[in-house]
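Architecture and fold: a report
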Amino acid sequence: MLSGRRVVLGVSGGVAAYKAAYLARRLVEAGADVRCVMSESATQFLGAQTLAAITGEFPVLSFWDEADVSPHTALGQWADVMVVAPATASTIAKLASGTSDNVLIATALATEAPIVVAPAMHTEMWENAATQRNIAILAADGAHVVGPAAGALAGGDHGTGRMVEPDEIVAAIAGALQADLAGWRVVVTAGGTREPIDPVRYIGNRSSGRMGNAIAVAAARRGAHVVLITAAAAPAVAGVEVIPVETAQEMADAAWSRCDDADVAVMAAAVADFRPLLPSDEKLRRGEGMPEITLEPTPDILAGIASRSPRPYLVGFAAESGSLEGARRKATTKGVDLLVGNDVASPGSGFGTDTNQVTVYRPDGSAVEWPLLSKTEVADRLWDLIRDDRQGD
Ligand code: CTP
């Protein structure tokens, strides 16, 4: 669920800090890369070594003892999301007022990532007008406040103020991250087109549509409205509007009309470059002898979008076999913003697999090779890149 996402876990000093260790573990299990920052009083409740063992990184504990000269900004810039759990009344007050007097609060101020806050305190403190005022400020500033729940509190008391369970916090983190493409309109093409020879036969290719589907699903999960124009089986997912097509012409018609108001177009389909000029209305019979099939070019969907002005942010794909030089050439000549190349002949990559090893090219020919990843991870990394590009990072 949080595969490859960078989560900063801020732990402040309440007894619920012991649950932060389990939260860290659940985040790691969900695929997140987790780094922790603890307030001084948090270390009274939870050993820094415990979080280090769970996450593989020793928590940041102060401004002064770190190898990094500026641990709070390094951590804040690294984060895709920050979660403060537990968030004590004091930490909530400091977050609301921007009182950066410890490294946890400084990290929260230094990040542009969404912040999830999981309050934990006694009922009286939670209901106190000052705390309510502070939490309202945090929520108005865009923090995602999760909880508190009612139940057993420290010292044998009962009431509202208990930190919600770690799984609920993990879900809130996923929700906060998902929203990073909110309001975006995205068009994705997927699958291999089929160009009819006769009513039974077609010229096709081995594309399964899985890469395009993963891209569409990831964008929808992150809040985008997605139009998926596909020649393959499509996922039934909220936020993904599916336009089934068969031929390159149908895909072109749909893509060109839906691109008018799109922010991003990702052309993951394997589009036939040629189609039979005169498909037969009736099934070709063996007895009629060897058919001669004349081909004609199909429309270049990508080129049609690239030539528009204005045009959406445009991502092309290139399935190559062997050398990726063709992918580099396409990146520099096709008028795209990014081109994702892969070698369909290499193990674990290409058609019908759940994994892909891709190289991402820029129009200047520069390239970054990604490791072998699940297609879902490739999709999420791609959206991270597109988001950062569009935000001008
Ligand atoms: N594409 C397209 N319309 C076509 C053919 C391809 O929109 N008729 C898109 C694909 O979806 C992909 C990109 O163009 O994003 C590159 O596809 P590819 O087939 O590799 O490009 P070609 O220019 O056809 O290159 P090649 O010389 O390898 O055939």
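Residues numbered from 1 in each chain as written. Predicted model: local features only at pLDDT ≥ 70, side-chain atom pairs only at ≥ 80, totals over all residues. Heavy atoms only, no water.

Per the secondary structure count, the protein includes 14 helices and 21 strands. Each principal axis of the C-alpha distribution contributes one length, and for the protein these read about 90 × 40 × 40 Å. Each of the 393 residues in the protein was classed as buried or not, and the buried ones make up 48%. Taking all contacts inside the protein whose residues are at least 6 apart in sequence as the whole, residues at least 24 apart take part in 64%. Surface summary for the protein: the accessible area is close to 17,900 Å², and the carbon and sulfur share equals 51%. Separation of charge centres in the protein, based on 32 positive and 47 negative side chains, amounts to 5 Å. (Helix = DSSP H or I, 4+ residues; strand = E, 2+ residues; numbered from the N terminus. Buried < 20%, exposed > 50% of the residue type's maximum accessible area, 1.4 Å probe, protein only. Contact = heavy atoms within 4.5 Å. Areas by Shrake-Rupley, 256 points an atom, 1.4 Å probe, with all protein chains shown as cover. Lys, Arg positive; Asp, Glu negative; His and termini not counted. Charge placed at Lys NZ, Arg CZ, Asp CG, Glu CD.)

Right, let's talk about the sheet that holds strand E4 (residues 115-119) for a bit. Two pairing modes exist for strands in a sheet, parallel and antiparallel, and in both the strands are linked by backbone hydrogen bonds. Here 5 strands make up an open sheet; going across it, the order is E2-E1-E3-E4-E5 and the pairing parallel. Two strands bound the open sheet, and with one partner strand each, they are strand E2 (33-38) and strand E5 (144-145). Summarising the sheet, strand E1 (residues 6-11) and E2 pair through 6 bridges and their orientation is parallel. In the sheet register, valine 11 faces E2, and the bridge partner there is methionine 38. Against the sheet, helix H3 (residues 48-55) makes contact with E1 and E2, and its axis sits at roughly 170° relative to E2, the strand it touches most. (Pairing = 2+ DSSP bridges. Axes fitted to C-alpha atoms, helices over the stretch in contact; angles between N-to-C directions.)

This next bit is on the nonpolar core. In this structure, Leu2, Leu9, Leu27, Ile169 and Ile173 are the most contacted members of the largest nonpolar core, which totals 36 residues. Among the secondary structure elements, those contributing two or more residues to this core are E1, helix H1 (17-29), E2, H3, strand E3 (81-87), E4 and helix H9 (166-178). The biggest single contributor to this core is H9, with 7 residues. Among residues more than four places away in sequence, those in contact with isoleucine 169 are Leu23, Val83, Ala85, Ala118, Val146, Met163 and Val164. Core analysis: the next-biggest nonpolar cluster, separate from the first, contains 32 residues, Val186, Ala190, Ala216 and Val315 among them. (Core = buried A, V, L, I, M, F, W, Y, C linked by side-chain atoms within 4.5 Å.)

Moving on to the domain arrangement of the protein. As far as domains go, the protein holds domain 1 (6-178) and domain 2 (185-391). When each unit is reduced to the centre of its C-alpha atoms, the spacing between domain 1 and domain 2 is 41 Å. (Domains from an automatic or database assignment.)

Further remarks concern the side chain of threonine 111. Its place among the elements puts threonine 111 in the loop between helix H6 (103-110) and E4. Within the local environment of threonine 111, its side chain forms a polar contact with the backbone oxygen of glycine 76, the two atoms lying 2.7 Å apart. Here the side chain of threonine 111 touches alanine 113 through a polar contact of 3.1 Å, landing on its backbone nitrogen. The contacts of threonine 111, once residues within four sequence positions are left out, are Gly76 and Ala79. (Polar contact = N/O pair within 3.5 Å; in protein donor to acceptor, adjacent residues only side chain to side chain.)

Of all 5 residues in E4, 5 are buried; the element is thus mostly enclosed. Here 4 bridges tie E3 to E4, and the two strands are oriented parallel to one another. Bridge pairing links alanine 87 to proline 119 in E4. Alignment of E4 against E5, held across 2 bridges, turns out to be parallel. Its bridge partner lying in E5, valine 116 is registered against histidine 144.

Tallying each qualifying case throughout the model produces 28 salt bridges. Arginine 5 is paired through a salt bridge with aspartate 384; the nearest N and O atoms lie 3.7 Å apart. Of this pair, arginine 5 sits in the segment before E1 while aspartate 384 sits in helix H14 (residues 375-390); the two residues are 379 residues apart in sequence, bridging distant segments of the chain. For the pair shown, arginine 5 and aspartate 384 are each scored as buried. When salt bridges that share partners are traced, they join Arg5, Arg6, Asp80, Asp180, Arg222, Asp380, Asp384, Arg387 and Asp388 into one network. (Salt bridge = Lys/Arg side-chain N within 4 Å of Asp/Glu carboxyl O.)

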